[in-house]
Amino acid sequence: MPLRVQLLLLQVVIVLAVVSAAGVVAGTLQERQLRDAYLDRMTGVAQSVAGLPAIRDALGSADPSATIQPIAEVIREASDVTYVVVTDDEGIRMSHPTAARIGERVSTDPSVPLSGGTYIGTQTGTLGESWRVKVPIFDESGRSVIGAASVGILESQLHADFREDLDGLLLALGTAAAGGVVCAWWVTQLVRRRIYRLEPEEIASLLETRDAMLHGISEGVVALDRTGRVALVNDEARRLLGLGPGEAPVGSLATDVLDGQLLELADRPGDHSSGELLLAGERVLLARANPATVDGRAVGAVLVLRDHTELHALLQDLDGARDLTDALRAQSHEFANKLHVVSGLLELGQHVEAVAFIERAGHGGLLTASVIAPGVHSPQVAALLLAKATTARERGIDLEVDPCSVLDAPDSPDETTLQQDVLTILGNAIDNAIDAAGPGGTVQVLVQEDDEEITVLVDDDGPGVPTALRAAVFRPGFSTKHAGAQPPRSVRRVPRAGTSSSPRWDALRHDDAPAPQLQPTPGSDAGTARGIGLALVRRIVARRGGTVGFTTSPLGGARLTLTLPVRSSAALSGAALDRLTGTVHR
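Here we look at the packing of aromatic side chains
Thought 1: This structure, assessed with the given rule, holds one aromatic pair.
Thought 2: Of note, Arg35 hangs over the ring of Trp131, and the distance from its end group to the ring centre comes to 5.1 Å.

Quick word on the sheet that holds strand 13 (residues 547-552)
Thought 1: The sheet built from five strands is open, its strands ordered 10-11-12-14-13 with mixed pairing. With one partner strand each, in any of the chains shown, strand 10 (398-401) and strand 13 form the two edges of the open sheet. Taken pair by pair, the neighbouring strands of this sheet meet at an average axis angle of 15°, ignoring direction.
Thought 2: Pairing of strand 11 (residues 442-449) with strand 12 (residues 453-460) involves seven bridges; the strand directions are antiparallel. Paired with Val443 across the strands is Asp460, a residue of strand 12.
Thought 3: Contacting strand 10, strand 11, strand 12 and strand 14 (558-565), helix 13 (residues 413-437) crosses the sheet at an angle of about 10° to strand 12.

Comments concerning the packing of helix 12 (residues 379-394) against helix 13
Thought 1: Remark: helix 12 packs on helix 13, axes separated minimally by 10 Å, with the N-to-C direction vectors making an angle of 10°. Here helix 12 is positioned roughly parallel relative to helix 13, judged by the angle of their axes. On helix 13, the residues touching Gln380, Val381, Leu384, Leu385, Lys388 and Ala392 of helix 12 are Gln419, Gln420, Val422, Leu423, Leu426, Gly427, Ile430, Asp431 and Ile434.

Examining helix 12
Thought 1: Taking 1.5 Å of rise per residue, 16 residues should cover 22 Å, and helix 12 covers 23 Å from first to last C-alpha, within 8% of that figure.
Thought 2: For helix 12, every residue scored as buried is listed here: Val381, Ala382, Leu384, Leu385, Leu386, Ala387, Lys388, Ala389, Thr390, Thr391 and Ala392.
Thought 3: At the exit of helix 12 stands Gly396, carrying a positive phi of roughly 80°.

Digging into the nonpolar core
Grouped burial of nonpolar side chains is what soluble globular proteins tend to show.
Thought 1: Among the nonpolar cores identified, the biggest contains 41 residues, and Leu399, Leu426, Val443 and Leu562 are the most heavily contacted of them.
Thought 2: When residues of this core are traced back to their parent elements, those giving at least two are helix 12, strand 10, helix 13, strand 11, strand 12, helix 15 (533-544), strand 13 and strand 14.
Thought 3: Every residue in contact with Leu399, bar those within four places of it in the chain, is listed here: Lys388, Ala389, Ala392, Ile430, Ile434, Val443 and Val445.
Thought 4: Core analysis: the next-biggest nonpolar cluster, separate from the first, contains 26 residues, Val81, Ala149, Ile153 and Leu158 among them.

Considering the sheet that holds strand 3 (residues 128-138)
Thought 1: Strand order in the open sheet made by the four strands is 1-4-3-2, with antiparallel pairing throughout. Each of the sheet's edge strands pairs with one partner strand only, and the pair in question is strand 1 (83-88) and strand 2 (119-125). Put simply, the sheet's adjacent strands are angled 30° from each other on average, direction ignored.
Thought 2: Note that strand 1 and strand 4 (residues 145-154) share six bridges and pair antiparallel. Bridge pairing in strand 4 links Asp88 to Gly147.
Thought 3: Sitting on the sheet, helix 1 (residues 3-51) is in contact with strand 1, strand 2, strand 3 and strand 4, with an inclination near 35° to strand 3.
Thought 4: On the sheet, helix 5 (residues 155-194) packs against strand 2, strand 3 and strand 4 and is oriented at approximately 40° with respect to strand 4.

A short note on a nonpolar patch on the surface
Thought 1: A contiguous nonpolar patch, built from Met1, Val5 and Leu9 and spanning about 290 Å² of accessible area, is present on the exposed surface.
Thought 2: Tracing the backbone shows Val5 in helix 1.
Thought 3: In this structure Val5 comes out as partly exposed when scored by relative accessible area, which is 31%.

Focus: the packing of helix 1 against helix 5
Thought 1: Contact geometry for helix 1 and helix 5: axes closest at 8 Å, N-to-C directions at 160°. By the angle class used here, helix 1 and helix 5 are roughly antiparallel. In this structure, the crossing between helix 1 and helix 5 has a hand that is right-handed.

Observations regarding the side chain of Glu236
Thought 1: Tracing the chain through its elements places Glu236 in helix 7 (residues 235-241).
Thought 2: Discounting chain neighbours no more than four positions away, the residues touching Glu236 are Ile217, Ser218, Glu219 and Gly220.

Notes on the pattern of salt bridges
Thought 1: Throughout the structure, instances matching the rule amount to 18 salt bridges.
Thought 2: Where Asp421 meets Arg543, a salt bridge forms, and the shortest distance between an N and an O atom there is 3.3 Å. In this pair, Asp421 sits in helix 13 while Arg543 sits in helix 15, placing the two residues 122 residues apart along the sequence.
Thought 3: A single salt-bridge network, built from bridges that share partners, covers Glu31, Arg35 and Glu155.

Remarks on a positive patch on the surface
Thought 1: Residues Arg4, Arg193, Arg194 and Arg197 make up a contiguous surface patch of positive charge.
Thought 2: Its location among the elements puts Arg193 in helix 5.

Description of the pairing of strand 12
Thought 1: In terms of burial, strand 12 is a largely internal element, seven of the eight residues being buried.
Thought 2: Count of turn residues in the strand 11/strand 12 antiparallel hairpin: three residues.
Thought 3: In this structure, strand 12 lies alongside strand 14, joined through seven bridges in antiparallel fashion. In the strand pairing of strand 14, Leu457 is matched with Thr561.

As for unusual backbone geometry
Thought 1: Residue Asp80 is not a glycine yet carries a positive backbone phi of 55°.
Thought 2: Residue Asp80 is classed as partly exposed on the basis of its relative accessible area of 45%.
Thought 3: Positive phi, normally seen in glycine, also occurs at Tyr196, with a value near 55°.
Thought 4: Along the chain, Tyr196 falls in the loop between helix 5 and helix 6 (200-216).

Basis of the calculations
Residues numbered from 1 in each chain as written. Predicted model: local features only at pLDDT ≥ 70, side-chain atom pairs only at ≥ 80, totals over all residues. Heavy atoms only, no water. Phe/Tyr/Trp six-rings, centres within 6.5 Å; stacked < 30°, edge-to-face > 60°. Lys NZ or Arg CZ within 6 Å of the ring centre and 35° of its normal. Pairing = 2+ DSSP bridges. Helix = DSSP H or I, 4+ residues; strand = E, 2+ residues; numbered from the N terminus. Axes fitted to C-alpha atoms, helices over the stretch in contact; angles between N-to-C directions. Contact = heavy atoms within 4.5 Å. Parallel < 35°, antiparallel > 145°, perpendicular 65-115°, else oblique. Expected span 1.5 Å × (residues − 1). Buried < 20%, exposed > 50% of the residue type's maximum accessible area, 1.4 Å probe, protein only. Core = buried A, V, L, I, M, F, W, Y, C linked by side-chain atoms within 4.5 Å. Patch = residues over 30% accessible without salt bridge, like charges linked within 9 Å, V, L, I, M, F, W, Y side chains within 5 Å. Areas by Shrake-Rupley, 256 points an atom, 1.4 Å probe, with all protein chains shown as cover. Salt bridge = Lys/Arg side-chain N within 4 Å of Asp/Glu carboxyl O. Left-handed = near helix turned anticlockwise from the far one by under 90°. Lys, Arg positive; Asp, Glu negative; His and termini not counted. Charge placed at Lys NZ, Arg CZ, Asp CG, Glu CD.

Shown next, in the form of structure tokens:
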């Protein structure tokens, strides 16, 4: 049976049931009111007859009926009752609508009124079934009962009067029922239009298909309504946004669920049809926002999210591999040149000069981590420093790793995870320092580990970071870089002081310490997007409960100082961390 028929029938049944119940209640009340009205009339007539002096005097005379019958008939006709009967103290009629019944004993029991009581009820007499009132007639002293007055109306007359009133009631009920049916039909049509004239099976099929599609696709989908609340989140979006199984984002404000960059993107749907890279929690996402419209009306926005974290990491690894390849190519070229020099000296017979040249060359060209960072025993961190130093040298930049740097190899899963974060931090920090220093510049790196924390200092002699921007540079999407251009170099080079100890480590102990920092995530901009590298660094430091901030470097440029506790504190959500942006060290 179609839905519209079911809805219509259900509503019609409800309307008819309500109208019928209302009719029964109204009829019952109307009949009760009718009986109450007749009861008041009959009681008043009976008491009036019983109190007439003429009636009392006639009951003591030789021919009571001659006086009582005319009076009773006049009262009956005037009060519109069926009968008015007066009896003596033995139940003999002294009046009756049928004169032939006068002088006969009444057909019903007269004991109640003759004993001084009042009777109200339905009895069947000579005129038929009637509803009646019987009252006693007392003598002048009011002590002795000398007769009874009975006033009644036939039940058939009561029913006839009720039916006359019932016609109007039935007409009103019929009109109400017809109006209810019409309203039920209108509501049925309205509901059908609201559900696009679909049957329940079709609606269920559409919902199942929608759920299967939303939760089966590899992209995350977040729908926002026009009030800025989350209307829909699929499984992939929950994963990308880091929402736990117990969290119910639907109905929540978008500001409580989404990171700042996602909120900004949702405010301008359609601006980036191809999407843009941004941070959400600890993930790099390719996100785009599309306007949601219904019948040409804007009803919200739909965010489509793709996980680019792994691709971002792969691009970073690829950049590292390219750097290492370039370094090996440069080493090969340099080594070939030296071999040519040695060969030429030997052919010229200048053996002493050849030996001296070999001694001067030494091991400076070898790709050995022990030469770059002898105290760094973590293979991955040492390899990163080596690759960065070689890449920097190829760009004409001197990258120096402080000989006091110390970092042990990881010996537990937690330490491995911590050093993975150190790798991400160092990669991004050194890349930013190299970009800031430019050709001919200097970058210095210090990594120190103790029982409590790991400390990283990265100095460059570039233009530095203005005080007003020392918080802004950590925000996702913020960048002072211009594609294809190096920052201006107007800062005097300051040579590194001392070799027996680390003055920059001492400076860490005496300079102003940076304030606690915020926010987590791994990765590097690595040429894939601007304004992500330092934001990732900040998020990792925040997740670890450490500190990060920019100060002025002894080299004249910027110094990035950060600490990572060896035992990480509880992680914060990306949205919660974004709300703490204003506490970045300035």
